[in-house]
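Here is what each chain is made of, one letter per residue.
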Amino acid sequence: MYRLYLLLIAVSIIPKLLFLFISDYGMQGLYDIQSHIYYIEYIASNFGIPTSDNCFQCFNPPLYYLTAAGIYKLAFLVGIHDELVLIKILQIYSFLLYHLFLLVGILTINLVLTKKNEAIIGASLLLFWPSGVIHSVRIGNDVLVYLTISLALYFLIKWWKQ
């Protein structure tokens with residue numbers, strides 16, 4: 001069964017990788033993308049969190065932006081100064097967080113759906129959900145919210161079943 005899950009995951013990654021490398025960050029469908037990037041750049045440059053009125057997204061909780069700023073700053077320190085490359089690195093970070101969310105989602109599905117076929121269908125729906133292609137590479141705190149909520153749900157169900 002794990003081989004089938006690995007195959008499903010591998011196949012589901014293909015359209016997301018294509019979207020990541022073929023599109024630019026402006027195609028993410030976010031009207032506020034520049035504000036997300038500004039929030040990250042502000043933290044990376046000033047080593048502090050901006051006030052909530054500093055940008056359109058600056059009212060959001062800072063965990064995603066702190067971690068993304070750390071990656072942004074590290075990339076900058078190793079010599080990556082091209083703005084588009086730095087943004088692509090942030091998209092790859094979101095891509096990785098999104099796939100952690102998918103893995104936790106599959107674990108949760110397997111906790112709830114004990115029949116093999118049902119679990120595979122549930123995992124396939126999650127892995128191949130159409131908007132997942134766009135969400136997987138978006139720069140913004142949503143992807144970390146997906147991951148933390150899925151982790152909370154997984155551990156809640158695991159606790160409930162004991």
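For the structure, see preceding data.
Think of each chain on its own: its residues are numbered from 1, step by step along the sequence as written. Predicted model: local features are reported for residues with pLDDT of at least 70 only, side-chain atom pairs are reported and counted for 80 or more only, and whole-chain, interface and lining totals are derived from all residues. Note: side-chain values were computed over all heavy atoms of the structure, leaving out hydrogens and water.

Colleague: Before we go on, may I ask you to explain the state of the cysteines in this structure?
Modeller: Disulfide: a covalent bond connecting the sulfur atoms of a pair of cysteines. Cysteine sulfur atoms are paired as a disulfide whenever they fall within 2.5 Å. For the coordinates displayed, the defined rule picks out one disulfide. Through a disulfide, Cys55 is tied to Cys58; the S-S separation comes to 2.0 Å. Judged by the sign of its S-S torsion, about 100°, the bond between Cys55 and Cys58 is right-handed. Categorising residues by exposure relies on relative accessible area from a 1.4 Å probe, with only protein chains included: less than 20% of the type maximum marks a residue as buried, more than 50% marks it as exposed, and the intermediate range marks it as partly exposed. For Cys55, a relative accessible area of 13% corresponds to the buried category.

Colleague: For this particular structure, what's the right way to read the nonpolar core?
Modeller: A general feature of soluble globular proteins is that nonpolar side chains tend to end up buried together. As used here, the term nonpolar core means buried Ala, Val, Leu, Ile, Met, Phe, Trp, Tyr and Cys residues forming a set that is joined through side-chain atoms within 4.5 Å. If you look at the biggest cluster of nonpolar residues, it comprises 40 residues, and the most contacted ones within it are Tyr5, Ile40, Tyr64, Leu97 and Ile139. Only helix H1 (2–22), helix H2 (33–46), helix H3 (63–77), helix H4 (83–112), helix H5 (116–127) and helix H7 (142–161) provide two or more residues apiece to this core. Every helix listed is a DSSP run of H or I at least four residues long, and every strand listed is a run of E at least two residues long, numbered separately from the N terminus. Sort the elements by how many residues they give to this core and H4 lands first, with 12 residues. Setting aside residues no more than four positions away along its own chain, Leu97 makes contact with Tyr64, Val143, Leu144 and Leu147. In this analysis, two residues are considered to be in contact whenever any of their non-hydrogen atoms come within 4.5 Å of each other.

Colleague: Whenever I open this one, the packing of aromatic side chains confuses me. Can you help?
Modeller: A ring pair, where both rings are aromatic, is described by two values, the distance of the centres and the angle of the planes. When the centres of two rings from Phe, Tyr and Trp lie within 6.5 Å, Trp using its six-membered ring, the rings pair. Their planes under 30 degrees apart give stacked, over 60 give edge-to-face, and anything left gives tilted. Considering all chains together, one arrives at eight aromatic pairs under this definition. Centre to centre, the rings of Phe101 and Tyr146 are 5.6 Å apart; their planes meet at 45°, and the pair counts as tilted. Of this pair, Phe101 sits in helix H4 while Tyr146 sits in helix H7, placing them 45 residues apart in sequence. For Phe101, a relative accessible area of 15% gives the class buried. Accessibility expressed as a relative area gives 26% for Tyr146, which makes it partly exposed. Following the ring pairs from residue to residue traces out a cluster consisting of Tyr39, Tyr64, Tyr65 and Tyr93.

Colleague: When you look at the environment of Ile9 in this model, what are you seeing that I'm missing?
Modeller: With respect to the secondary-structure elements, Ile9 resides in helix H1. What makes Ile9 buried here is its relative accessible area of 16%. Beyond its immediate chain neighbours, meaning those up to four positions away, Ile9 contacts Leu103, Ile106 and Leu127.

Colleague: How should the packing of H1 against H4 be read in this particular structure?
Modeller: Helix packing geometry: the angle between the two helix axes and the distance between the axes. Helix axes are fitted only over the stretch in contact, all axes being lines through C-alpha atoms; the angle between N-to-C directions runs from 0 to 180 degrees. Direction vectors running N to C along H1 and H4 enclose 155°, while the axes themselves pass 12 Å from each other. With respect to H4, the axis of H1 lies roughly antiparallel. Between H1 and H4 the crossing geometry is right-handed. Between H1, through Tyr5, Ile9, Ile13, Lys16, Leu17, Leu20 and Phe21, and H4, the contact on the second element is made entirely by Lys88, Gln91, Ile92, Phe95, Tyr98, His99, Leu102, Leu103, Ile106 and Asn110. All amino acids are sorted into three groups, where Ala, Val, Leu, Ile, Met, Phe, Trp, Tyr, Cys and Pro are nonpolar, Asp, Glu, Lys and Arg are charged, and the leftover types, Gly among them, are polar. For the contact of H1 with H4, the per-class residue count stands at 12 nonpolar, three polar and two charged. Here the word oblique covers every angle except those under 35 degrees (roughly parallel), over 145 (roughly antiparallel) and from 65 to 115 (roughly perpendicular). The hand of a helix crossing depends on one turn: near helix anticlockwise from the far one by less than a right angle means left-handed, and clockwise means right-handed.

Colleague: Is there a simple way to explain H7 in this structure?
Modeller: What sets the pattern is the α-helix's 3.6 residues per turn: residues three or four places apart point alike. An expected span of 1.5 Å times one less than the residue number is assigned to each helix. Its 20 residues give H7 an end-to-end C-alpha distance of 28 Å, which sits within 8% of 28 Å, the value for a rise of 1.5 Å per residue. Lining the buried residues of H7 we find H3 and H4.

Colleague: Teacher, can you tell me more about the side chain of Ser136 here?
Modeller: Position of Ser136 among the secondary structure elements: in the loop between helix H6 (132–135) and H7. Among residues more than four places away in sequence, those in contact with Ser136 are Lys16, Gln91, Ser94, Phe95 and Tyr98.

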